[in-house]
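# Architecture at a glance
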Amino acid sequence: MSDILLSGLDITHHIHQRPILDKVSLTMSRGDFITIVGPNGAGKSTLIKVLTGLITPDQGQVMRGQGVKIGYVPQKMNSEASLPLNARRFITLNQPSLARFDEVVADNGIAPLLDKQMRHLSGGEWQRVLLARALMDEVDAIILDEPAQNLDLTGQMQFYQRLDAIHQTRGIAILMVSHDLHMVMASTKQVVCLYHHICCSGAPQAVTKDPEFEKLFGQDMAAMMAIYHHQHDAHHDHHHHHDHVCDHHTSHGEG
Amino acid sequence: MFVDLLTSDFVLRALIAGFLIAVMCGVMGCFVVWRRMAYFGDSLSHSALLGIAIGLATGLSQMGGIFLICLIFSSLLLWLSHRDVLTTDSLLGILAHGALSFGMVLLSLFNIRVDLHALLFGDILMVLPQDLWLLAAGAGLVLGVLWRFWAPLILMTINDQLAKAEGVPILLMQIILLLVMTVTVALSVQVVGILLITSFLIIPAATARPFARSPEMMAAVAVVIALSAVVAGIILSLLADTPTGPTMVASLTCLFAISAIISPFLSRGR
């Protein structure tokens, strides 16, 4: 398939002799919205770092489609108080082109933040600015590592809505690690459950019924997800008429 | 009479040397503050004593020895910091004081007589014309390199993972920054002394911080502050017959105190 943006093949990685990733393969194609879930220490962040090229894995290959540009949104980072820097400067820093600046500012509603110093931004504002920075380039995909970790509930909802809008309107593929599965059930097209290896993967409603998912998160969580999904799905279908169940290929949990 | 003294050759040379150091340290010092390299700078300058001892003992020049040892020291540190054996501050402490002690032992073994006071606190009034050329070349190199890699260096300072994901060669940038830092310290040691060089890096930048809205503005204000302290330090030390290096640092400290006192009254957004 020519629409493959990024793929990792048989990625195996150890940290301090401890196996973190064991033969993990993952492919992101155009139009994908993939959410990686898994318990703490499952290797989610490591996988993201391997895929973005921050870590070279012990074994396995990462291949990026020719000319594919991928934006990266790291976990919430600390702003160094000794470094004076406003949001405008941060977004435009070291960018090959500033052509999309006005559009990105308008799309992300960050005009009021531009002249604020980075260290005065709240967690939610930080994430919006980071996302805007990732969108400055003409990216094909964005990779996010627990982007909403430090946001309050409203902030999380707004952030994921924003992400969904970027995906829908600009067709940017999304790959992210998230604990907030209930929040992204409606947006995400594929859920990958990771615990050192890929336990199950597929459309969200199929995955939450997968015995492997129940094993990983417990029955309660799985049941809760199913409920969340029903609510979101009913609500969601009013706006978008697409069917999550059949449009995906890599799932083994479907059935 | 005092005007004559101010326009005498050695005072003019001191002023020029001080200006070059102020520009170099003002800009470099911002990175030292942002990246929390103060202790690194301190350790690097301590290792300069070993460099001086080796330079004099082997017949190589004093400056050659300083460069050699500072380069070895920063490479060693870069290498060690990539293998998490010990925390960086412990490593720095061991290397710095090890180098300082070896330097003193070596000086004594080879029976080399040095002006220890000048080495520790600098002697800007003893700067020679050829030193000025070297200083000017060094300052030009440091500023040129920092200017060339300014944006990626700032991005790496904000978040190295983000910079790396966006294609900034992190290791290369770290090496560049260490090299520039090495040049700055090695050149400044002779003029402001082993013990005072770190204050020339940190104090101007820290004093400038409350007045700055951008990294460039902080660097520019830091340079102005360092320049004023150089002028004040040289004039005051001549008037009061005090050692010049410590007088310059004392002036810097006063400027910092003023900045710290008025900073709460400055508007937000800085």
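Quantities reported herein were computed from a predicted structural model and do not represent experimental measurements.

### Observations concerning the overall build of chain B
Tallying secondary structure elements over chain B gives 13 helices and zero strands in all. If you list the helices and strands of chain B from N to C, you get α-α-α-α-α-α-α-α-α-α-α-α-α. Referenced to the eigenvectors of the C-alpha coordinate spread, the extents of chain B come out at roughly 60 × 50 × 30 Å. The proportion of buried residues among the 270 residues of chain B is 50%.

### A look at helix 1 (residues 44-52) of chain A
Residue and element names in this part refer to chain A. In terms of residue burial, helix 1 counts as a mostly covered element, since seven of its nine residues are buried. Listed in full, the buried residues belonging to helix 1 are K44, T46, L47, I48, V50, L51 and T52. The first or second residue beyond helix 1 is G53, which carries a positive phi of 85 degrees.

### Here's the deal with the interface of chain A and chain B
The interface of chain A with chain B comprises 25 residues on the first partner and 28 residues on the second. Summing both sides of the interface, chain A and chain B together bury roughly 2300 Å²; the carbon and sulfur share of this comes to 56%. Note that E80 of chain A and R36 of chain B form a salt bridge whose closest N and O atoms lie 3.0 Å from each other. Linking chain A with chain B are eight residue pairs in polar contact (both at pLDDT 80 or more), by the criterion used here. Broken down by secondary-structure element, the contributors of at least two residues to the side of chain A that touches chain B are helix 1, helix 2 (87-92) and helix 4 (123-135) of chain A.

### Re the sheet that holds strand 6 (residues 141-145) of chain A
Residue and element names in this part refer to chain A. The six strands are arranged 5-6-7-3-8-9 in an open sheet whose pairing can be described as mixed. Pairing within the sheet leaves two strands with one partner each, and these edge strands are strand 5 (70-73) and strand 9 (197-202). Across this sheet, the average inter-strand angle for adjacent strands is 15 degrees, counted without regard to direction. Two strands pair when backbone bridges link them, and strand 3 (residues 33-37) and strand 8 (residues 190-195) are joined in this way by four bridges, in the parallel orientation. Opposite T35, over in strand 8, you have V191 as the bridge partner. Its contacts with the sheet place helix 1 against strand 3, strand 5, strand 6, strand 7 (173-177) and strand 8, and it is angled at close to 145 degrees to strand 6.

### Considerations on helix 12 (residues 215-240) of chain B
With 26 residues, helix 12 of chain B should cover 38 Å at 1.5 Å per step; its first-to-last C-alpha distance of 37 Å lies within 8% of that length. Immediately downstream of helix 12 of chain B, the backbone of D241 of chain B shows phi near 55 degrees, a positive value.

### Description of the environment of R35 of chain B
All names here are of chain B. Secondary-structure assignment places R35 in the loop between helix 2 (9-34) and helix 3 (38-57). On the basis of relative accessible area, R35 is assigned to the partly exposed category, the value being 25%. Separated by 121 residues in the primary sequence, R35 and M156 have C-alpha atoms spaced 9.5 Å apart. Discounting chain neighbours no more than four positions away, the residues touching R35 are M156, T157 and L177. Among the polar contacts made by the side chain of R35, one reaches the side chain of T157 at a distance of 3.4 Å.

### Some words on the confidence of the model for chain B
Model confidence for chain B is summarised by a mean pLDDT of 91, while 97% of its residues fall at 70 or above. What the predictor reports for the complex is a pTM of 0.86 with an ipTM of 0.86.

### A few points about the side chain of S74 of chain B
All names here are of chain B. Following the sequence through the fold, S74 ends up in helix 4 (residues 62-81). A distance of 3.1 Å separates the side chain of S74 from the side chain of T182, its partner in a polar contact. Sequence-distant contacts of S74, that is, excluding residues within four places in its chain, are made with F40, L44, L178 and T182.

### Description of the packing of helix 4 of chain A against helix 5 (residues 153-170) of chain A
Residues and elements named next belong to chain A. Packing of helix 4 against helix 5 brings their axes to within 11 Å, and their N-to-C directions diverge by 15 degrees. Relative to helix 5, the element helix 4 lies roughly parallel. By crossing handedness, the relation of helix 4 to helix 5 is classed as right-handed. Only F159, R162, L163, I166 and R170 of helix 5 make contact with helix 4, whose side of the interface consists of Q127, L131 and L135. A class-by-class count of the residues in the contact of helix 4 with helix 5 yields five nonpolar, one polar and two charged.

### Here we look at empty space enclosed by the protein
To find leftover empty space, a probe the size of one water molecule is rolled over the atoms. The full count for this structure, using the stated rule, is two cavities of 30 Å³ or more. In this structure, the largest cavity occupies an estimated 90 Å³ of space. Forming the boundary of the largest cavity are N78, S79, E80, L83, L85, F90, Q117, M118, R119 and W126 of chain A together with I158 of chain B. Of the residues that constitute the lining of the largest cavity, the class distribution is six nonpolar, three polar and two charged. The space that makes up the second largest cavity amounts to roughly 40 Å³. Along its surface, the second largest cavity is lined by M63, D131, L134, L135, L187, Q190 and V191 of chain B. Put simply, the parts of the chain that give the lining of the second largest cavity at least two residues each are helix 7 (129-148) and helix 10 (170-192) of chain B.

### Focus: the sheet that holds strand 2 (residues 18-29) of chain A
All names here are of chain A. Taken in spatial order, the three strands of this open sheet run 2-1-4, and their pairing is antiparallel. In this open sheet, the two strands that pair with only one neighbour each are strand 2 and strand 4 (59-64). When the angles between neighbouring strand axes are averaged without regard to direction, this sheet yields 15 degrees. Pairing of strand 1 (residues 4-15) with strand 4 involves five bridges; the strand directions are antiparallel. Following the sheet pairing, S7 is matched in strand 4 by M63.

Cut-offs used in this document
Residues numbered from 1 in each chain as written. Chains lettered and ligands numbered in written order. Predicted model: local features only at pLDDT ≥ 70, side-chain atom pairs only at ≥ 80, totals over all residues. Heavy atoms only, no water. Helix = DSSP H or I, 4+ residues; strand = E, 2+ residues; numbered from the N terminus. Buried < 20%, exposed > 50% of the residue type's maximum accessible area, 1.4 Å probe, protein only. Contact = heavy atoms within 4.5 Å. Buried area = accessible area lost by both parts, 1.4 Å probe. Salt bridge = Lys/Arg side-chain N within 4 Å of Asp/Glu carboxyl O. Polar contact = N/O pair within 3.5 Å; in protein donor to acceptor, adjacent residues only side chain to side chain. Pairing = 2+ DSSP bridges. Axes fitted to C-alpha atoms, helices over the stretch in contact; angles between N-to-C directions. Expected span 1.5 Å × (residues − 1). pLDDT = per-residue confidence, 0-100. Parallel < 35°, antiparallel > 145°, perpendicular 65-115°, else oblique. Left-handed = near helix turned anticlockwise from the far one by under 90°. Nonpolar A, V, L, I, M, F, W, Y, C, P; charged D, E, K, R; others polar. 1 Å grid on protein atoms, 1.4 Å probe; cavity = no way out; pocket = protein on both sides within 12 Å on 5 of 7 lines; lining within 4 Å. Points joined across faces, edges and corners; volume = space filled by probe spheres on them.

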